[in-house]
Amino acid sequence: MLSESLEAVVAQTLAKKVGGGRIAAQEILIGVPAVRNLIREQKLHQIPGMMQTGKAVGMCTLDMALQELVKKNPDRQEPCRSRFSGGRGDSRHRRARG
């Protein structure tokens, strides 16, 4: 079962930098027991919330990573803004659902 074997999932996107080039933003899910339980019980909609509260163990949503990039360098605000999901889950999944 996936819930028993999951160690971690890392997804990466490249955001455009002002002045050219790109910078990576990573979304990280660690297979802690609480995440494994959510997967086993098919409560996948609760995983983004778990990722937000799991920062202490290294978890990070894409929005959190983009916010950190903007915080470190406000010039990146516009290129990163198009990647934000607005707190409603991963924007890539929203587009896929229509």
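Residues numbered from 1 in each chain as written. Predicted model: local features only at pLDDT ≥ 70, side-chain atom pairs only at ≥ 80, totals over all residues. Heavy atoms only, no water.

## Here we look at the overall build of the chain
For step 1, the next point in the chain: Counting its regular elements, the chain contains 6 helices and 2 strands.
For step 2, the next point in the chain: Element order for the chain, N to C, with α for helix and β for strand: α-β-β-α-α-α-α-α.
For step 3, the next point in the chain: Scored against the burial criterion, the 98 residues of the chain give a buried share of 33%.
For step 4, the next point in the chain: Sequence separation of at least 24 residues holds for 43% of the intrachain contacts in the chain that already meet a minimum separation of 6. (Helix = DSSP H or I, 4+ residues; strand = E, 2+ residues; numbered from the N terminus. Buried < 20%, exposed > 50% of the residue type's maximum accessible area, 1.4 Å probe, protein only. Contact = heavy atoms within 4.5 Å.)

## Considerations on the pattern of salt bridges
For step 1, the next point in the chain: Overall, the coordinates contain 2 salt bridges when judged by the stated rule.
For step 2, the next point in the chain: Of the charged contacts, one joins glutamate 7 and arginine 36 as a salt bridge, the two residues approaching to 3.5 Å between their closest N and O atoms. Taken together, the positions of glutamate 7 in the loop between helix 1 (2-5) and strand 1 (8-16) and arginine 36 in helix 2 (residues 33-40) put the pair 29 residues apart, joining distant regions of the chain.
For step 3, the next point in the chain: Glutamate 41 is the salt-bridge partner of lysine 43, the closest N and O atoms lying 3.3 Å from each other. (Salt bridge = Lys/Arg side-chain N within 4 Å of Asp/Glu carboxyl O.)

## Comments concerning the side chain of arginine 36
For step 1, the next point in the chain: Among the polar contacts made by the side chain of arginine 36, one reaches the main-chain carbonyl oxygen of glycine 31 at a distance of 3.0 Å.
For step 2, the next point in the chain: Residues contacting arginine 36, with those up to four places away along its chain left out, are Ser3, Glu4, Leu6, Glu7 and Gly31. (Polar contact = N/O pair within 3.5 Å; in protein donor to acceptor, adjacent residues only side chain to side chain.)

## Topic: the layout of surface pockets
For step 1, the next point in the chain: One number sums up the size of the second largest pocket: a volume of about 170 Å³.
For step 2, the next point in the chain: Lining the second largest pocket are Ala24, Ala25, Gln26, Lys55, Cys60, Met64, Ala65, Gln67, Glu68, Leu69 and Lys72.
For step 3, the next point in the chain: Contributions of two or more residues to the lining of the second largest pocket are made by strand 2 (22-30) and helix 4 (62-72).
For step 4, the next point in the chain: A per-element tally of the lining of the second largest pocket places helix 4 first, with 6 residues.
For step 5, the next point in the chain: By residue class, the composition of the lining of the second largest pocket is 6 nonpolar, 2 polar and 3 charged. (1 Å grid on protein atoms, 1.4 Å probe; cavity = no way out; pocket = protein on both sides within 12 Å on 5 of 7 lines; lining within 4 Å. Points joined across faces, edges and corners; volume = space filled by probe spheres on them. Nonpolar A, V, L, I, M, F, W, Y, C, P; charged D, E, K, R; others polar.)

## Observations regarding the nonpolar core
For step 1, the next point in the chain: Ranked by size, the top nonpolar core spans 9 residues in total: Ala15, Ile23, Ala25, Cys60, Leu62, Met64, Ala65, Leu66 and Leu69.
For step 2, the next point in the chain: With 5 residues, helix 4 is the largest single contributor of residues to this core.
For step 3, the next point in the chain: Formed by 8 residues, the second largest nonpolar core is a distinct cluster that contains Leu29, Val35, Ile39 and Met51. (Core = buried A, V, L, I, M, F, W, Y, C linked by side-chain atoms within 4.5 Å.)

Purely geometric stuff here, so don't read any function into it on its own.
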